[in-house]
Amino acid sequence: MTSTIPATSPAAATRDGDLRRSRRALQSLNFFMADMQAGIGPFLGVFLQQRGWTSGPIGTVMTAGGVAGMLMTAPAGAFIDHTHRKRWIVVITGICTVLASFLILWSQSWQVVTVSQIATAIAGAAIGPAVAGMTLGIFRQKGFNAQNGRNQAYNHAGNMVGAGLAGWLGMKLGIPAIFWLAAGFGVIAIASVLSIPERAIDHQAARGLEHGREHDGTDEAEGFKVLARNKPMLILAAALACFHLGNGAMLPLYGLAVVGAGKGDAAMFTATTVVVAQAVMILASIAAMKVAAGRGYWLVLLVSFAALPVRGVIAGTFIEHWGVWPVQALDGIGAGLQSVAVPGLVACLLNGTGRVNVGQGAVMTVQGVGASLSPAIGGWLAQELGYPVAFYILGSFAVASVALWVGFANTLRPACRARATDASATRTSVSG
């Protein structure tokens, strides 16, 4: 164990050097990996709309990708728990995502676009648990909250910069230029993950067996039933499913609504929606890290759930170019808080089980149930009832999330506070 190594020993110096190098590499990876997770993301809807697609079919192909990603997240998490090649998962999925996105440039047929979205979603399903697993394996349970907060702040900053560049390139050169920008970001992300020293990753700690629980050479990871027996995990998953059922379609639909009404340039307005949200997410992720370290994750997640109903009301009432500011600021609050709180809470709830990354994948799967259905529901609601009604209905889904979170507060509060003291004690030790 690293705790038995004298502070002045060469091994301790190597460990400290690996931590510094890994921290920089993880932050760089998170900055550039956004396009590896979601391809061209919200620009896809506008790109297809310009080529004659309507909101219903656009939502349907996005849902196809969401379903594929949803089905892969738990198996991907299980594989990440077992493999010692976590860095190469990011490399391979990054290459596949870039190639899949370029398929859309080649053809905008329904079959090609659907295959591209499915491939992108499958690759993206593995990246999140892989990065979370590497972070846990390098910084251990006590340092995870602080480093995950930094990871998410850099990820949101990368999204913001990438969206701003994409909007400018799309306005000057056309939306196809955005695909080339995504490819460039992907190459740098791959280089970043390869700069993480392999020896810095403790693969037992990465799966929630920090102390290397072993018996006759076989780790004592608990069975998969540990997920079903964990009541706070089940409540968290249900609340997130409801939230993402409403949230998933909000950003692309708002872009379609404003651009379709002739109130904004397609590329630049879509970029603005992302930039505003990501700028707020940077601040929200830092705030979430600090609040979670002192008070646990319950309050952080409650605020994130409550942001969506307000966002739905504003989006449905003000379909205007300036509406991007309040609508996407609320998106930044909800998503920014969750980006830190959800992985941190799952890592705490499953610490010692050896199933942390399976748990991350399982929660992502349940989130994906909501997120994958959302574009199709939102797209057809908008087509049949109009954009305002679609936004009101989508925002109302998160009322169920708030009800679950408040209704089971007595069960959730102790679980969400379980590691607050450890996280607080470690903020200083992993800073720098």
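Residues numbered from 1 in each chain as written. Predicted model: local features only at pLDDT ≥ 70, side-chain atom pairs only at ≥ 80, totals over all residues. Heavy atoms only, no water.

Chemist: Looking at this structure, how should I read the overall build of the chain?
Modeler: The helix and strand inventory of the chain stands at 17 helices and 2 strands. Taken over 432 residues, the chain has a buried fraction of 59%. A separation of at least 24 residues holds for 84% of the contacts in the chain among residues at least 6 apart in sequence. (Helix = DSSP H or I, 4+ residues; strand = E, 2+ residues; numbered from the N terminus. Buried < 20%, exposed > 50% of the residue type's maximum accessible area, 1.4 Å probe, protein only. Contact = heavy atoms within 4.5 Å.)

Chemist: Whenever I open this one, the nonpolar core confuses me. Can you help?
Modeler: Within the largest apolar cluster, 62 residues are counted, with the highest numbers of intra-cluster contacts made by L301, L345, F391 and W405. The leading source of residues in this core is helix α13 (residues 324-349), at 12 residues. Aside from chain neighbours lying at most four places away, what touches W405 is I235, L236, A239, W298, L301, L302, F305, L345, L412 and C416. By size, the runner-up hydrophobic cluster in this structure holds 47 residues, among which are L29, V61, A76 and A166. (Core = buried A, V, L, I, M, F, W, Y, C linked by side-chain atoms within 4.5 Å.)

Chemist: Explain the packing of helix α14 (residues 356-385) against helix α15 (residues 387-407) to me, please; I cannot follow it from the model alone.
Modeler: The axes of two packed helices give the description: the angle between them and the distance between them. Put simply, α14 and α15 touch, their axes get as near as 7 Å, and they point 145° apart. For the element pair α14 and α15, the recorded crossing hand is right-handed. Here α14 contributes S374, G378, L381, A382 and L385 to the contact with α15, which in turn contributes Y387, V389, A390, I393 and L394. Residues belonging to the contact of α14 with α15 are distributed by class as follows: 8 nonpolar, 2 polar and no charged. (Axes fitted to C-alpha atoms, helices over the stretch in contact; angles between N-to-C directions. Left-handed = near helix turned anticlockwise from the far one by under 90°. Nonpolar A, V, L, I, M, F, W, Y, C, P; charged D, E, K, R; others polar.)

Chemist: Mind showing me how you'd approach the side chain of H156 here?
Modeler: As for its position among the elements, H156 is in helix α6 (residues 110-173). A relative accessible area of 5% places H156 in the buried class. Of the polar contacts made by the side chain of H156, one reaches the side chain of Q278; its length is 3.0 Å. Excluding residues within four positions of it along the chain, H156 makes contact with Q278, M281, I282, S285, G336 and S339. (Polar contact = N/O pair within 3.5 Å; in protein donor to acceptor, adjacent residues only side chain to side chain.)

Chemist: What exactly am I supposed to notice about helix α5 (residues 86-106) here?
Modeler: Residue pairs three or four apart in sequence face the same way in an α-helix, which turns once every 3.6 residues. Over its 21 residues, α5 runs 31 Å from end to end, which matches the ideal 30 Å to within 8%, given 1.5 Å per residue. Taken together, the buried positions of α5 are K86, R87, I89, V90, V91, T93, G94, T97, A100, S101 and I104. (Expected span 1.5 Å × (residues − 1).)

Chemist: Would you explain the pattern of salt bridges in this entry?
Modeler: Here the idea is simple: oppositely charged side chains can pair when their charged atoms come close. For the coordinates displayed, the defined rule picks out 4 salt bridges. The partner of R87 in a salt bridge is E198, with the nearest N and O atoms 3.2 Å apart. In this pair, R87 sits in helix α5 while E198 sits in the loop between α7 (176-194) and β1 (214-215), placing the two residues 111 residues apart along the sequence. Look at R87 and you get buried, because its relative accessible area is 13%. (Salt bridge = Lys/Arg side-chain N within 4 Å of Asp/Glu carboxyl O.)

Chemist: How should the environment of L381 be read in this particular structure?
Modeler: Note that L381 resides in helix α14. A residue is classified by how much of its surface remains accessible, and L381, at 17% relative accessible area, is buried. Separated by 10 residues in sequence, L381 and F391 place their C-alpha atoms 8.9 Å apart. Dropping the residues within four chain positions of it, L381 is found in contact with G386, A390 and I393.

Chemist: Help me out: how do you make sense of the side chain of D18 in this one?
Modeler: Checked against the element boundaries, D18 lands in helix α1 (residues 10-32). Of the residues examined, D18 reaches a relative accessible area of 7% and is grouped as buried. A polar side-chain atom of D18 sits 2.9 Å from a polar atom in the side chain of R199. Filtering out sequence-adjacent residues up to four positions away, D18 remains in contact with P197, R199 and A200.

Chemist: I'm lost on the packing of aromatic side chains in this one. Help?
Modeler: Each aromatic ring pair is characterised by the separation of its centres together with the angle its planes make. Tallying each qualifying case throughout the model produces 7 aromatic pairs. Seen in terms of ring centroids, F31 and F32 are 4.8 Å apart; in terms of plane orientation they differ by 70°. Their pairing is edge-to-face. F32 carries the same exposure label as F31, and that label is buried. Centre to centre, the rings of F243 and F305 are 6.0 Å apart; their planes meet at 55°, and the pair counts as tilted. You can see F243 sitting in helix α9 (residues 231-247) and its partner F305 sitting in helix α12 (residues 298-317), a full 62 residues away along the chain. (Phe/Tyr/Trp six-rings, centres within 6.5 Å; stacked < 30°, edge-to-face > 60°.)

Chemist: Honestly, the confidence of the model for the chain in this entry has me stumped. Any pointers?
Modeler: Detailed reading of the predicted coordinates is not advisable wherever pLDDT is low. Across the chain, pLDDT averages 80, with 86% of residues at or above 70. Predicted confidence for residues 213-218 stays below pLDDT 50, and this span has 10 contacts to residues more than four positions away or in other chains. In this model, residues 419-432 is a region of pLDDT below 50 whose contacts with residues beyond four sequence positions or in other chains number 27 contacts. (pLDDT = per-residue confidence, 0-100.)

Chemist: How should I be thinking about a nonpolar patch on the surface in this particular structure?
Modeler: Residues W88, I92 and L194 make up a contiguous nonpolar surface patch of roughly 280 Å² in combined accessible area. Along the chain, L194 falls in helix α7. Residue L194 is classed as partly exposed on the basis of its relative accessible area of 35%. (Patch = residues over 30% accessible without salt bridge, like charges linked within 9 Å, V, L, I, M, F, W, Y side chains within 5 Å. Areas by Shrake-Rupley, 256 points an atom, 1.4 Å probe, with all protein chains shown as cover.)

Chemist: Explanation requested: unusual backbone geometry in the structure shown.
Modeler: A negative phi holds for most residues other than glycine; trans holds for most peptide bonds. The backbone phi angle of R140 is positive, close to 65°, even though this residue is not glycine. Mapped onto the fold, R140 is located in helix α6. Since its relative accessible area comes to 13%, R140 is described here as buried.

Chemist: Hey, could you run me through the packing of α9 against helix α16 (residues 409-417) in this one?
Modeler: Close contact between α9 and α16 brings their axes to 10 Å; oriented N to C, the two are set at 105°. Overall, the two elements α9 and α16 adopt an arrangement that is roughly perpendicular. On the side of α9, the interface is formed by K231, P232 and I235, while α16 contributes T411, L412 and A415. Class assignment of the residues belonging to the contact of α9 with α16 gives a composition of 4 nonpolar, 1 polar and 1 charged. (Parallel < 35°, antiparallel > 145°, perpendicular 65-115°, else oblique.)

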